[in-house]
Every structure is written in C-alpha cells, then in structure tokens.
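# Descriptive structure summary
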Amino acid sequence: EGVIPQEYTLIKMEVVSPFPPKMSALEGKKVFLAAATLRPETMYGQTNAWVLPEGKYGAFEINDTEVFVMTYRAALNLAYQRLSHIPEKPTCLVELSGQDLIGLPLRSPLAFNEIIYTLPMLSVLTDKGTGIVTSVPSDSPDDYMALHDLKSKPAFRAKFGVKDEWVVPFEIVPIINHPDFGDRSAERICIEKKIKSQNERDKLDEAKKTIYKGGFYEGIMTVGEFAGMKVQEAKGLIRSKLLETNQAVVYSE
Ligand code: A2H
C-alpha cells in the first residue's frame, strides 16, 4: 500500500439477468461488477471485464437496490467512503470466486459493444483496486495481450470454461489517436517489443511506459462526445459525466 492515496473511478458494469444459479439470491437487484480504472476516457473501447479465476470476491450490498461485486478489501474501503448499506460495515450477500464470474454478460457505460463478457486474466491483483478490471485492448498492453492469449489459444479458453462467443467476436475498438503509435497503440507496441503472452511482465511494464506519456499528453479522442479533443482535456469531462449520471463512483485507497 502506497502512502499517497490513489483515486480511481469505479465503473458500474451491470450484470445482465437472468443470473446464474450461484447468484440467484440477487435476482431483482441491480448487480454491478465494480471495475477500478485510472482511464475513464477509454471506456468507449471496452471489450470485456477481467477477474482473477482463483480470486475471492463477494456481492456486497451498497444500498436498498444496488449490489457491487468486488473483493472484501475494496468493500471495506468503500464502506468507509459511505458506500455500504450499513455504514463502515460491508454486507456480503453471496461469496463468489473469480471462476464463478467468468462468462457473466455485462452492460458497461459508454462501451460501443452493447454486451461484453467477464473473462480470466492472470495478472489481476486482488490487493489493488476492486480486483475487477475493465478491458480496453486498444490502449492497454495488459488488456491487449490477455485478450490475444484467449483468442489465439483454444486450450487456454478451455481451461477456464471460456466459450468462443465471449471472445472471438470482440475486436479492438480504436478510440484514441496516439502521436507515435496510432489508434491501436497497445497492439502496435506489443508487436514492436515482440511480446508473446500476458506472462511477460517486464516487457509489458516497459510497453506501458513507452505509450502512456504520449497517449495522455498528446493523444486525441477519435470517438464519442469529445472526439477531436485532447485526451488530457477530455478525461475530466468524461469522468464528471460518468459520476453525474451515476454510472460510476469515486474510490480511493
Ligand atoms: B486501467 P495502478 Cl486503457 N490488478 O484502466 C491489475 N490491474 C488493475 C487492477 C488490479 N486489481 N485494478 C486496476 N487495474 C488496471 C484502463 C486502462 C488502464 C488503460 C490504460 C492503462 C491503464 C483499462 N484497463 O492503467 O497500478 C486498470 O487499468 C495503466 C496504469 O493503480 C487501471 O487503469 O496505477 C490501472 O491498472 C491502475 O493501475
């Protein structure tokens, strides 16, 4: 845990009903996977959500009607930030593993894909954010490589019970033009650095460093309400909009 608090935007990715048997007790409530992001302006390009298959998650009561799926640790932090049915005390309605969440269909704010699916990524940390990550393979090398692994390795899909139709139809959605790396900057940098899988941690960290500065300070939005605007300027506007429309909440840790 760092000394400087990190402020995330929690994106409310709505689980589409009917819910699977393990979640049937939640039927009638609004259930969201709560994904922590530092890049709310990239939400147009979402293709899926990521969970850690062996991670421990819970469905926590936020208020009378809303339930967030996340780690207990995140639920406790949120409870101290006044987002819990009972103040300062998380109420877990159902315990779930990451594997239980794989395949859940979601409707996520701003995403051009109407329905996206919950998929496994092995680098998801359960001691950071909520343990739920939204995937934007156009602009995140981690997301790009994890989706690439699932697309190109049927055995990897089979290992986690991932159906072809949750992965195969989902292509990169270009959303930001990067001055040096174009509008699929994550793919471009992964190819240039010859990254072979999501397990190449050091190379992926280098790839991130290489594209992020230019993408943020000189990148231009190519889609959405703020198309043509610099990423740096659009970011706050998009974040405010998501918060005002109750499609996201603030979370710090
Ligand atoms: B970002 P920082 Cl397009 N485990 O969102 C692993 N990764 C996690 C996580 C967890 N528990 N919680 C959040 N993250 C990811 C979008 C994005 C992100 C783009 C580009 C870069 C980027 C779409 N994924 O992050 O360690 C989330 O991915 C680059 C830093 O707290 C979150 O923002 O700095 C970011 O890592 C937070 O990482």
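Just above sits the structure.
Residues numbered from 1 in each chain as written. Predicted model: local features only at pLDDT ≥ 70, side-chain atom pairs only at ≥ 80, totals over all residues. Heavy atoms only, no water.

Between its first and last C-alpha, helix H6 (residues 201–218) extends 26 Å over 18 residues, near the 26 Å set by a 1.5 Å rise per residue. Helix geometry: H6 is bent most strongly at isoleucine 211, by close to 30 degrees. If you check which residues of H6 are buried, you get Leu204, Ala207, Lys208, Ile211, Gly214 and Gly215. Lining the buried residues of H6 we find helix H3 (141–152), helix H5 (185–192) and helix H7 (231–244). (Helix = DSSP H or I, 4+ residues; strand = E, 2+ residues; numbered from the N terminus. Expected span 1.5 Å × (residues − 1). Bend = angle between axes of the 7 residues up to and from the residue. Buried < 20%, exposed > 50% of the residue type's maximum accessible area, 1.4 Å probe, protein only. Contact = heavy atoms within 4.5 Å.)

This part takes up the site of the ligand. Among the 18 residues in the neighbourhood of the ligand, the closest are listed as Tyr8, Thr37, Leu125, Lys128 and Asp143. One of the side-chain nitrogen or oxygen atoms of tyrosine 8 is found 2.6 Å away from an oxygen atom of the ligand. Threonine 134 places a polar main-chain atom, nitrogen or oxygen, 2.7 Å from a nitrogen atom of the ligand. In isolation the ligand offers 700 Å² of accessible surface; the protein chains occlude 84% of this area. At the level of secondary structure, the elements contributing two or more residues to the shell around the ligand comprise strand E2 (30–37) and strand E9 (133–135). (Near = heavy atom within 4 Å. Polar contact = N/O pair within 3.5 Å; in protein donor to acceptor, adjacent residues only side chain to side chain. Areas by Shrake-Rupley, 256 points an atom, 1.4 Å probe, with all protein chains shown as cover.)

What follows covers the nonpolar core. Within the largest apolar cluster, 52 residues are counted, with the highest numbers of intra-cluster contacts made by Leu33 and Leu101. At 4 residues, H7 tops the list of elements feeding residues into this core. In this structure, leucine 33 is in contact with Ile11, Lys12, Met13, Val15, Ala49, Val69, Leu101, Leu104, Leu106, Thr118 and Ile132, ignoring residues within four places of it in sequence. If you look at the next biggest cluster of nonpolar residues, it comprises 14 residues, including Phe32, Met70, Ala75 and Val249. (Core = buried A, V, L, I, M, F, W, Y, C linked by side-chain atoms within 4.5 Å.)

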